[in-house]
Amino acid sequence: MKKVGLFFGTFNPIHVGHLVIANHMVEFSDLEEVWFVITPQSPVKVKQSMLSDHHRYQMVQEAVDPYPKLRASTIEFDLPQPNYTINTLVHLREKYGEECDFSLLMGEDNLKTFHKWKNFEIILENHHIYIYPRISGGIVPKRFKGHPHIHHIDAPVMEISSTFIRKNHKKGKNIRPMLPEGVWRYMDEMNFYR
């Protein structure tokens, strides 16, 4: 079975930090692929700064196109909202269970609040979690320290954020080096985040 890491996010927009982490995971862990699972816009909480699902998918597609071990996934677009990670994992296992073994990619900051996730025990029992470092406060709960399904990967610390990119692009700052070339072109052509 192919070992696939799931990288969840709004990717609004996807940036080089996301690519560096995903690529590091497929090159320096036992994961064979990383799928960027794009979180759909909530019909209940429509945010002005959030691009439509289609445009965010298109940008992720542009970003991963040069990397055969990375791919864009719209799997959550078809699930009822609001959605929980456990539902996505169940759906993926039903669809690809024979071919793929799914793990989660998670920043260390998210591990600190993982015990608040819906059915986190079931997720941890059935899936591995690959943790990448983040600069953040707080403490990882004891129950997650040394857990056989939690793997800390010494990936580069990436402190670029989509919020920073959107805010500064709007101010006319040059944020182009923070974006994959295809994402920059698409964003610029579509006049997004201005």
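Anything mentioned here points back to the structure above.
Residues numbered from 1 in each chain as written. Predicted model: local features only at pLDDT ≥ 70, side-chain atom pairs only at ≥ 80, totals over all residues. Heavy atoms only, no water.

Student: Mind laying out the overall build of the protein, listing which residues take part and the relevant values?
Tutor: A count of helical and extended segments in the protein gives 7 helices and 6 strands. In terms of C-alpha radius of gyration, the protein reaches 17 Å, essentially the compact-globule figure of 16 Å for 194 residues. Each of the three principal axes of the protein carries a C-alpha extent, and together these read 45 × 35 × 35 Å. Each of the 194 residues in the protein was classed as buried or not, and the buried ones make up 47%. By sequence separation, contacts in the protein at least 24 residues apart represent 70% of the contacts at least 6 residues apart. Total accessible area on the protein stands at roughly 10400 Å², and carbon and sulfur atoms take up 50% of it. When the 24 positive and 22 negative side-chain charges of the protein are each reduced to one mean point, those points stand 10 Å apart. (Helix = DSSP H or I, 4+ residues; strand = E, 2+ residues; numbered from the N terminus. Rg over C-alpha atoms; globule rule 2.2 N^0.38 Å. Buried < 20%, exposed > 50% of the residue type's maximum accessible area, 1.4 Å probe, protein only. Contact = heavy atoms within 4.5 Å. Areas by Shrake-Rupley, 256 points an atom, 1.4 Å probe, with all protein chains shown as cover. Lys, Arg positive; Asp, Glu negative; His and termini not counted. Charge placed at Lys NZ, Arg CZ, Asp CG, Glu CD.)

Student: Describe the pairing of strand S1 (residues 2–9), with residues and values.
Tutor: In terms of residue burial, S1 counts as a mostly covered element, since 6 of its 8 residues are buried. Of the pairings in the sheet, the one linking S1 to strand S2 (residues 33–38) comprises 6 bridges and is parallel in character. By the bridge assignment, glycine 5 is partnered in S2 with valine 34. Between the parallel elements S1 and S2, the chain passes through helix H1 (residues 16–28) in a crossover that is right-handed. (Pairing = 2+ DSSP bridges. Right-handed = clockwise from strand over helix to strand, strands pointing away.)

Student: Which residues make up the side chain of lysine 112, and what are the values?
Tutor: Mapped onto the elements, lysine 112 comes out in the loop between helix H4 (108–111) and helix H5 (120–126). The charged side chain of lysine 112 is buried without a salt bridge, its nearest counter-charge being glutamate 108 at 5.2 Å. Of the polar contacts made by the side chain of lysine 112, one reaches the backbone oxygen of glycine 138; its length is 3.4 Å. If we skip the residues at most four places from it in the chain, lysine 112 touches Ser136, Gly137, Gly138, Ile139, Val140 and Pro141. (Salt bridge = Lys/Arg side-chain N within 4 Å of Asp/Glu carboxyl O. Polar contact = N/O pair within 3.5 Å; in protein donor to acceptor, adjacent residues only side chain to side chain.)

Student: I'd like a description of the sheet that holds strand S5 (residues 129–132), backed by residues and values.
Tutor: Across the sheet, which stays open at both edges, the 6 strands sit in the order S3-S2-S1-S4-S5-S6 with parallel pairing between neighbours. Taken across any chain shown, the strands that pair with only one partner, and hence form the sheet edges, are strand S3 (70–73) and strand S6 (150–152). Going across the sheet, the axis of each strand differs from the next one's by a mean of 30 degrees, ignoring polarity. When S2 meets S3, the two strands line up parallel, connected through 4 bridges. (Axes fitted to C-alpha atoms, helices over the stretch in contact; angles between N-to-C directions.)

Student: Please provide a residue-by-residue account of the environment of isoleucine 86, values included.
Tutor: Of note, isoleucine 86 is situated in helix H3 (residues 85–96). On the basis of relative accessibility, which here comes to 9%, the residue isoleucine 86 falls in the buried class.

Student: Got a sec to walk through the packing of aromatic side chains? Specific residues and values, please.
Tutor: One pass over the structure, following the stated rule, counts 13 aromatic pairs. Centroid distance phenylalanine 114 to phenylalanine 144: 5.5 Å. Interplanar angle 55 degrees. Geometry classified as tilted. One end of the pair, phenylalanine 114, is in the loop between H4 and H5; the other, phenylalanine 144, is in the loop between S5 and S6, and 30 residues separate them in sequence. Ring centres of phenylalanine 120 and phenylalanine 144 lie 6.0 Å apart, and the angle between their planes is 90 degrees; on these two criteria the pair is classed as edge-to-face. Taken together, the residues phenylalanine 120 in helix H5 and phenylalanine 144 in the loop between S5 and S6 connect sequence positions 24 residues apart. According to the relative accessible area criterion, phenylalanine 120 is buried, its value standing at 7%. (Phe/Tyr/Trp six-rings, centres within 6.5 Å; stacked < 30°, edge-to-face > 60°.)

Student: Please give an account of the pattern of salt bridges that cites residues and values.
Tutor: Close approach of charged atoms lets side chains of opposite charge pair. For the structure shown, the criterion picks out 8 salt bridges. Sharing partners across several salt bridges, the network here consists of Asp109, Arg134 and Glu159.

Student: Now, about the nonpolar core: what can you tell me, with residues and values included?
Tutor: Counting residues in hydrophobic clusters, the biggest one holds 34 residues, and the most contacted among them are Phe7 and Phe36. Mapped by element, the contributors of at least two residues to this core are H1, S2, helix H2 (53–64), S3, S5 and helix H7 (181–190). Apart from the residues within four sequence positions on either side, phenylalanine 36 is in contact with Phe7, Phe11, Ile14, His18, Leu19, Ala22, Val60, Val64, Leu70, Arg71, Ala72 and Ser73. In this structure, Val37, Ile86, Phe120 and Ile129 belong to the second largest nonpolar core, which totals 23 residues. (Core = buried A, V, L, I, M, F, W, Y, C linked by side-chain atoms within 4.5 Å.)

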